[in-house]
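Here is how the chains run, residue by residue.
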Amino acid sequence: MDGTVVRRLGVVGAGTMGAGIAEVGVRRGIPTVLCDVAAPILQRARDRLQAALDRDVERGRLTRADAEAALQRLTVTVDLADLAACDLVVEAVPEDLALKRELFTRLDAVVPPPAILASNTSSLSITALAGATTHPQRVLGLHFFNPAPVMALVEVVPGRTTDPAVVARARQAVAALGKTPVEVQDTPGFIVNRIARPFYVEAVRLLAEQTAPVAVIDRIMRRAGGFRMGPFELLDLIGLDVNLAVTRSLYEATFHEPRFRPHPIQQRMVDAGLLGRKTGRGFYTYGEGAESGGGGEAGVPALPAAVERQAAAMRRIAVAGEGALAEAIVRAAEGAGLVVARGVPAEGPLDAVVDVEVAPAAKAAVMAAADRAGDPLRLTLALATSATAMAARSAAPHRVVGFATLPPWEARPLVEVLPALQSAPAAVEAALALLARLGKETALVRDGVAGVFPRIAAMLVNEALFALGEGVATAEAIDTAMRLGMNFPAGPLALADSVGPPLVLAVLDGLHADLGEDRYRAAPLLRRVVAAGRGVLEGAGRRPAPDAGPRL
Ligand code: NAD
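A word on the site of the ligand. Looking at the ligand, there are 20 residues lining it, with M17, D36, E95, K100 and N120 nearest. A distance of 3.0 Å is found between an oxygen atom of the ligand and a backbone nitrogen or oxygen belonging to T16. The side chain of S122 places a nitrogen or oxygen atom 3.2 Å from an oxygen atom of the ligand. Elements with a contribution of two residues or more to the shell around the ligand: α1 (16-27) and β6 (139-144). Of the residues contributing to the shell around the ligand, the split by class is nine nonpolar, eight polar and three charged.

The next point concerns the environment of R248. Here R248 lies in helix α11 (residues 240-253). Residue R248 is classed as partly exposed on the basis of its relative accessible area of 38%. A sequence separation of 127 residues divides R248 from T121, and the C-alpha atoms of the two residues are 15 Å apart. Sequence-distant contacts of R248, that is, excluding residues within four places in its chain, are made with P262 and Q267.

Core analysis: the largest hydrophobic core is formed by 120 residues, its most contacted members being I191, F199, F232, F283 and L434. Broken down by element, this core gets its largest block of residues, 12 residues, from helix α18 (residues 453-469). If we skip the residues at most four places from it in the chain, I191 touches E155, V182, E183, V184, A473, A477, I478, A481 and M482.

Counting buried positions along strand β9 (residues 316-320) gives four out of five residues, so the element sits mostly inside the fold. Relative to strand β10 (residues 339-342), β9 runs parallel, the two sharing four bridges. If you follow R316 over to β10, its bridge partner there is V339. Two elements, β9 and strand β11 (residues 352-355), share four bridges in a ladder whose sense is parallel.

Tallied over the full model, the rule gives 30 salt bridges. The closest approach of N and O atoms between R519 and E202, which form a salt bridge, is 2.4 Å. Placement of the pair is R519 in the loop between α21 (501-515) and α22 (524-532) and E202 in helix α8 (residues 197-208), with a sequence separation of 317 residues. As far as the burial class goes, R519 and E202 line up, both buried. Linking R205 and E517 is a salt bridge whose minimum nitrogen-to-oxygen distance equals 2.6 Å. Taken together, the residues span a long stretch of sequence, with R205 in helix α8 and E517 in the loop between α21 and α22 at a distance of 312 residues. By relative accessible area, which is 24% here, E517 ends up partly exposed. A network of salt bridges, in which partner residues are shared, links R194, E257, R259, E463, E470 and R521.

Cut-off values and rules
- Residues numbered from 1 in each chain as written.
- Predicted model: local features only at pLDDT ≥ 70, side-chain atom pairs only at ≥ 80, totals over all residues.
- Heavy atoms only, no water.
- Near = heavy atom within 4 Å.
- Polar contact = N/O pair within 3.5 Å; in protein donor to acceptor, adjacent residues only side chain to side chain.
- Helix = DSSP H or I, 4+ residues; strand = E, 2+ residues; numbered from the N terminus.
- Nonpolar A, V, L, I, M, F, W, Y, C, P; charged D, E, K, R; others polar.
- Buried < 20%, exposed > 50% of the residue type's maximum accessible area, 1.4 Å probe, protein only.
- Contact = heavy atoms within 4.5 Å.
- Core = buried A, V, L, I, M, F, W, Y, C linked by side-chain atoms within 4.5 Å.
- Pairing = 2+ DSSP bridges.
- Salt bridge = Lys/Arg side-chain N within 4 Å of Asp/Glu carboxyl O.

Now the structure itself:
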């Protein structure tokens, strides 16, 4: 490789990933040699490539001549020695350490340096693979995402023995393949598989706690969080078994870190063969006559007429609390023609008090003030405490209902409504009515600290801050990887700053206190950032890059 391009690409393993990576090579104009153990497997890979190219010709995305040229660039072989002239070889055989080590020993013998030998492994140690070769300095991880032709991200993973010059060349090679490289230390799950864990695991836990049904959790994550797919839709697409294997491997690799503990529900579903789309049933049912299929915007419930009428009848509310969320609610209420008091006035009548305080002591003071203001609805932000706990602090617990959302208010079409154990049905209706008047779609979820979206979001941010604090990757690499590798609407560190680190910490501390589990402990770096009173990304550039310090 002359430092800027890949002249010949080698790929070992013609399965899902290997065939995809070879497709990337030939489409980028790079002669590519694809190697597998049997000719029929290679024929299948070639057929799939041809079909993909034909589709592009039909859709006018590619000329017939370009498609044919791309196909001509692919050479298939069952003989590893045919990779000898490649300057980059990517291994994509099954995830088995012994198999991969044996393959690296053979590759090392047939592909001379300075060619780079890369592994597409998702979970095995790059250093352990490099140790099977005589030139471990030219071995590193290049972790592509599925489907490789579509996903823009490649995690570039140096092992302990990888030469920095090889890392630099590999980054250029990734760019030559039209992908975005992000560098990450050789640690369990790298960036994406690690930081994405709460998206799935926390959702399954919320389901197990009966916080909300599958379709409601998915809708909340799409409509409140802006995620392209809900966690259960994504689990069904990935396959519950594949996803469980990743979670389990992280859990084992970290000596049972509770943040990565798989949930028994998922294991039971895997045992029952409910693997998702590929078996016709997972969290949803697929195929003809299916009662559910996940996705889509169907299922947004219309509000009952009585609630609509109540929304129209509201006149005057009070908003208690400071900060961006309180300001935005005041603006929304005024925009909706309501008369808005800041703080709880002594004079009635009031339809509702919206309590946007977070700390329990401040919230208790709002409850006491609301008790003196007649009989308004008390709509209380349940981010660091449950609605039930706040209702217990009110003289009219049946009038207390929780809500959960995160700033910025304007960016979130959906707000969660959390009835307290004590809430009267009429109060829940009033809460739905008020939020409708404020222009929000609502989803009812069972009471608990932080509902669905704020809880999952806080856990995603927390994992990103653990990873950043451990020097797994730079802040920029983490956010880029999560956007490109997971299609997240924003990186988790940018999310932390848009929500505000103190609020994220309050949610985590509230979850930790309420659920009593170690998995909810806040990342030390989050506490430092909050103590320093600044944003996560502010000053992130001043943190030493992961490769500037000692390798863990
Ligand atoms: P796969 O089972 O679809 O394909 C593996 C291929 O390797 C098969 O065609 C098999 O015949 C071939 N093979 C086995 N032994 C071989 C040998 N000695 N020499 C040559 N070929 C051999 O697997 P996959 O899903 O493509 O995964 C491959 C690698 O990529 C794994 O390390 C996996 O962890 C990683 N990965 C997978 C995904 C994914 O979503 N599937 C995503 C990222 C990374």
